[in-house]
Amino acid sequence: MKSQKKKDGVKKKSLPFKNISDYTQFQLGCIALFVLLAFNLTSVQNDSVLKWIDEFSIFLPTSLFFSDCFRFAGGLLIYLGTFFTQFLYYPWLGSVAFILLLLAIQYLSIKAFRIPRHYFPLSFIPGLMLLLSVSDLGYVWMSLKSPGYFFSNALGTVVFLLLFIAYKRTHHLLLRLASLVLIIVIGYPLFGFYALFTGLIIVLYELFSFWRDKDAMRFVVVGVGLTAFILIPQAYYYFVYSYMQQFYVYTAVLPRFFFNSAEFVLWIPFILLFLSFLLALLFLFRNSEVSPKPAKTAVVLSSIIYVCALIFTYVMSYQNENFMAEVKMAAAVDKGNWQKVTVIAGNMRGTPTRNVVLNNNLAIFKLGYNAGKGVMDINNVVPTPSVRPGMALLLMSG
C-alpha cells in the first residue's frame, strides 16, 4: 500500500501542474494560440489572397488531369493539393481545411516521436513552419511553378508521419526491410520527397536504436535504406519520368524556389520543419525517468520556444500594403468594378508600386473622370517588394 502511494505521488509530481485539469487548460491554451494565429494569417488578413491563389490553380475531375499530375514524382500529392486548393474559393473554408491538417500534424507528431507531455508546445513547431511556408510568399505566388503548393506539403507531412508510425510498429527484420523498400519504391511516385524523407528518418531511427540495443542486424536495414534512397529516384528518372528534370529528382513536390541568396528566406520554413523532425527523434531515445524539477524546467523552456515560434511566424509572414492592394485591384478589374479600383488606390497610405499606379490611372480613364482628377504620378513609385521583382512586375502588369 505504501509503495502504491509512493508511486502515485511520483506520478503527480512528474507533471508540473496541480492537477490534470490545469494541464488540460494548458494544452487548450496552446491550441487556441495556434488556431488564432493560423486564422489570422489566412482568412482574416489574407482572404483576398486565398481567393486569388485559387484563381491561379487548376483542378479538373478527369482521368487526363489525374495522369498529367503523375508525369512527375509525387503525383498524388500534386493531385490532392490542387483538389484542396479549390476550397480557397471560400477563404474561411480553405482556412479551416488547412488548419485541421496542421492540427493533425501536431497530433501525429506526438504519436510518432512520443513527445513527452511537458514538451507539448513543441509539437506545434512543424505546423507553424508549414503555416509560414504559405504566408511568406507574397508576389512569389504568381511565378511559383508548384501545383497544389498550398496544401501539398502539409499533406506530405501527414503521409510521412503516418508511414513512420506504421514502420515503428513493425518488429520483424524482414517486414521492416520490405516496409522500407516499399515506402521508397511505391511512395516515391506518389509522395515524392516525403517518401524519401520517411526513408531517411527510418535509417536514422535504426542507427539510434543500434546504439541502445546493439543489434547489428539494424545495419542491414540502414544499408538497404540508403541504397534505395540513392538509386530508386534515379531509376525512376531514367526509366519512368521523361518530363522531370534530374535536378529535382530528390526534391520532387518541394517548392520550385531558386537556390540563391535572394530566395533563401523562402527555404527557411522547410529547413526548420525538417530539422524539427530530425531533432524530435531524440525524444524516442530519451531516458523515461524524468524527475519533477527538470519537468517544470521543460515546460517553461518549451513554452518559451513555442511563443518565440509564434512570434517568428507572424513577423516573417509577408505583409505588404502594395501587394494586398494589387491583389484586390486584380479582383475588382476582373469584375469590371473600376470604381473599387480607385477606392483601393485612394486608401493607400504609403508610396504605391508601378502596378498600383497603372491600375488606378486605367480605372480613372474607364470611368471618364476629368483629366488630372485622382491620377497618380507614374514617376513617384517604389520597386515591387519581392525576391522576384521582375517576374512579379511582368505578371501583375498582364
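Here the residue numbering is sequential within each chain, running from 1 through the sequence in written order. Per-residue local features are limited, in this predicted model, to residues with pLDDT of at least 70; the limit for side-chain atom pairs, both in listing and counting, is 80 or more; totals at the level of whole chains, interfaces and linings are taken over all residues. Hydrogens are left out, water is left out, and the side-chain values use all remaining heavy atoms of the structure.

Novice: Explanation requested: the nonpolar core in the structure shown.
Specialist: Grouped burial of nonpolar side chains is what soluble globular proteins tend to show. Throughout, nonpolar core names a set of buried Ala, Val, Leu, Ile, Met, Phe, Trp, Tyr and Cys residues whose side chains join them through atoms within 4.5 Å. Relative accessibility under 20% of the residue-type maximum defines a buried residue, over 50% an exposed one, and the middle range a partly exposed one, all with a 1.4 Å probe and only protein chains included. Judged by nonpolar contacts, the single largest core of 95 residues is most densely connected at Phe113, Trp141, Phe150, Phe164, Tyr188, Tyr194 and Phe257. Under the DSSP-based scheme used, a helix requires at least four consecutive residues in state H or I and a strand at least two consecutive residues in state E, with every element numbered from the N terminus. Per-element accounting of this core gives the leading share, twelve residues, to helix H8 (residues 149-168). It only takes one pair of heavy atoms within 4.5 Å for two residues to be counted as in contact. Beyond its immediate stretch of four places on either side in the chain, Trp141 contacts Trp52, Ile53, Val134, Tyr149 and Phe150. The next biggest cluster of nonpolar side chains, apart from the first, holds ten residues, and it includes Ala325, Ala345, Val356 and Ala363.

Novice: Sorry if this is basic, but what is going on with helix H2 (residues 20-44) here?
Specialist: In an α-helix, one turn spans 3.6 residues, which is why side chains three or four residues apart end up on the same side. Given the number of residues in a helix, its expected span is that number minus one, multiplied by 1.5 Å. Here H2 contains 25 residues, and its C-alpha end-to-end distance of 34 Å stays within 8% of the 36 Å for a straight helix at 1.5 Å per residue. Buried residues of H2: Tyr23, Phe26, Cys30, Phe34, Val35, Leu37, Ala38, Leu41, Thr42 and Ser43, and no others.

Novice: Please explain the packing of aromatic side chains as it appears in this structure.
Specialist: Two aromatic rings are characterised by how far apart their centres lie and by the angle between their planes. Classification of ring pairs uses Phe, Tyr and Trp, with its six-membered ring standing for Trp, and accepts pairs whose centres are within 6.5 Å; under 30 degrees between planes counts as stacked, over 60 as edge-to-face, and the remaining range as tilted. Here the structure, examined in full by the defined rule, presents 51 aromatic pairs. Between Phe59 and Phe65, the ring centres sit 5.4 Å apart and the planes meet at 75°, which makes this aromatic pair edge-to-face. Geometrically, the ring pair formed by Phe65 and Tyr79 is tilted, given 6.1 Å between the ring centres and 45° between the ring planes. In this pair, Phe65 sits in helix H4 (residues 63-69) while Tyr79 sits in helix H5 (residues 75-85), placing the two residues 14 residues apart along the sequence. Of the two residues, Phe65 and Tyr79, both sit in the buried class. The residue whose ring lies beneath Lys51 is Tyr89, and the NZ or CZ to ring-centre distance is 5.0 Å. Two thresholds decide whether a charge sits over a ring: the Lys NZ or Arg CZ must be within 6 Å of the ring centre and within 35 degrees of the ring normal.

Novice: What is the right way to look at empty space enclosed by the protein in this model?
Specialist: Grid spacing is 1 Å over the protein atoms alone, the probe is 1.4 Å, and a cavity is where that probe fits but cannot get out, while a pocket is an open set with protein on both sides within 12 Å along at least five of seven lines and lining residues have an atom within 4 Å of a point. Grid points are joined across faces, edges and corners, and a volume is the space filled by probe spheres set on the points. One pass over the structure, following the stated rule, counts one cavity of 30 Å³ or more. In this structure, the largest cavity occupies an estimated 100 Å³ of space. Every residue lining the largest cavity is counted, 13 residues in all, and those nearest its centre are Asn46, Val49, Val134, Ser135 and Trp141. Going through the elements one at a time, H2, helix H3 (47-56) and helix H7 (125-135) are the ones with two or more residues in the lining of the largest cavity. No other element matches the three residues that H3 contributes to the lining of the largest cavity. Polar here means any residue other than Ala, Val, Leu, Ile, Met, Phe, Trp, Tyr, Cys and Pro, which are nonpolar, and Asp, Glu, Lys and Arg, which are charged; Gly is therefore polar. Looking at the lining of the largest cavity residue by residue, the classes come out as nine nonpolar, four polar and no charged.

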